[in-house]
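A structural walkthrough
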Amino acid sequence: MGFSKKEAPNCDFCKFRKNCLHDLMDKASQKEWRDIRIANRFRPGEVIFYEGEQPTGVYICCTGRVKIYKASRSGQQLLLRFENPGDLVGHISLLASWPYADNAEAMEESVVSMVDGDTFRRFLTKHPQAAVAILSEVAKDVRRGEARARDIAFKPARARLAGTLTRHIPSPAPKNPTVSNLKRKDIAEMSGLTIETTVRLLKDFEIKGYIRRNGKDIALINIEKLRSLAGQD
């Protein structure tokens, strides 16, 4: 099944709307935004777009989770980040008119909305407040990229791992947040660490009561301590 209007969730009743571009718009642009979206439901492992493809539109993760990664010719993957409900995907490549720099793949059952490129550009021209909201999202992406590069360059391994864990607390944050379905390899790649170092530090965090591990799930027990280790405000 491809993208269709039928699959597009109703933004008015979305529990993730506070995390979404939709909530930064005025009423008029919100209404049109709802009208121009189409959506598709992706199963775990299904690819949304491939690195090197020409961008066809801007995507919004509505439910589930999308992983962004690079792949080598031999099939090896380097996980860069996860996009959660409300996050934009592929917007920088579309705005720059560059091929997609990464691959986007559903990590779990996910609904992803899309607005095609021409419609998106007309929408931004018509709604300046929405254009400002997009600029804000792009600026946040740039800042996050700079912060990740800084962390890998200057922070010790323990701080980088703590930062990776706390960045994956869903929003709005539940009382007892859990980082789910992450392989140790995934955590290591996002932290800029070896798998061996990651496993050793996770065990240390568990012994000290910062986390509790249950298979692929990691319950964050002492969030304040983890954020302090990560150097986060």
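Residues numbered from 1 in each chain as written. Predicted model: local features only at pLDDT ≥ 70, side-chain atom pairs only at ≥ 80, totals over all residues. Heavy atoms only, no water.

Focus on the environment of N10
- The residue N10 is located in the segment before α1 (27–36) in this model.
- The sequence separation of N10 and D35 amounts to 25 residues, and the corresponding C-alpha distance is 9.9 Å.
- From its side chain, N10 meets the backbone nitrogen of D12 in a polar contact 2.9 Å long. (Helix = DSSP H or I, 4+ residues; strand = E, 2+ residues; numbered from the N terminus. Polar contact = N/O pair within 3.5 Å; in protein donor to acceptor, adjacent residues only side chain to side chain.)

As for unusual backbone geometry
- A positive phi is found at S97, a non-glycine position, where the angle reads about 60°.
- The topology assignment puts S97 in the loop between α2 (91–96) and β7 (103–106).

Describing the sheet that holds strand β2 (residues 47–49)
- The sheet built from four strands is open, its strands ordered β2-β7-β4-β5 with antiparallel pairing. The sheet is open, and its two edges are formed by β2 and β5 (77–83), each paired on a single side. Neighbour-to-neighbour, the strand axes of this sheet turn through a mean angle of 30°, independent of strand direction.
- Inspection of the sheet shows strand β4 (residues 66–71) paired to β7 by four bridges, in the antiparallel sense. Its bridge partner lying in β7, V66 is registered against A106. (Pairing = 2+ DSSP bridges. Axes fitted to C-alpha atoms, helices over the stretch in contact; angles between N-to-C directions.)

Quick notes on the packing of helix α3 (residues 117–126) against helix α4 (residues 128–154)
- With their axes 5 Å apart at the nearest point, α3 and α4 run at an angle of 115° to one another. What the angle tells us is that α3 and α4 run roughly perpendicular. Along its contact with α3, which presents F120, F123, L124 and K126, the element α4 presents P128, A130, A131 and I134.
- Class assignment for the residues of the contact of α3 with α4 results in seven nonpolar, no polar and one charged. (Parallel < 35°, antiparallel > 145°, perpendicular 65-115°, else oblique. Contact = heavy atoms within 4.5 Å. Nonpolar A, V, L, I, M, F, W, Y, C, P; charged D, E, K, R; others polar.)

Some thoughts on the pairing of β4
- Both β4 and β5 contribute to a ladder of six bridges, which runs antiparallel. The residue bridging I68 from the neighbouring strand is R81, located in β5.
- Here β4 folds back onto β5, and the loop between the two strands holds five residues, one of which, G75, carries a positive phi near 95°.

Re helix α6 (residues 184–191)
- Judged by how many residues are buried, α6 sits mostly within the fold: six of eight residues are covered.
- Of the residues making up α6, those classed as buried are D186, I187, A188, E189, M190 and S191.
- Of the surrounding secondary structure, the elements contacted by the buried residues of α6 are β5, α4, α5 (157–167), α7 (195–207) and β11 (217–220).
- Phi turns positive one or two residues past the end of α6, at G192, with a value near 70°. (Buried < 20%, exposed > 50% of the residue type's maximum accessible area, 1.4 Å probe, protein only.)

Things to note about the sheet that holds strand β10 (residues 211–214)
- Read across the open sheet, the three strands follow the order β9-β11-β10; overall the sheet is antiparallel. Unpaired on one side and paired on the other, β9 (178–179) and β10 mark the two borders of the sheet.
- In this structure, β9 lies alongside β11, joined through two bridges in antiparallel fashion. Along β11, the bridge assignment pairs V179 with I218.
- Those strands touched by α7 are β10 and β11, and its axis lies near 115° from that of β10.

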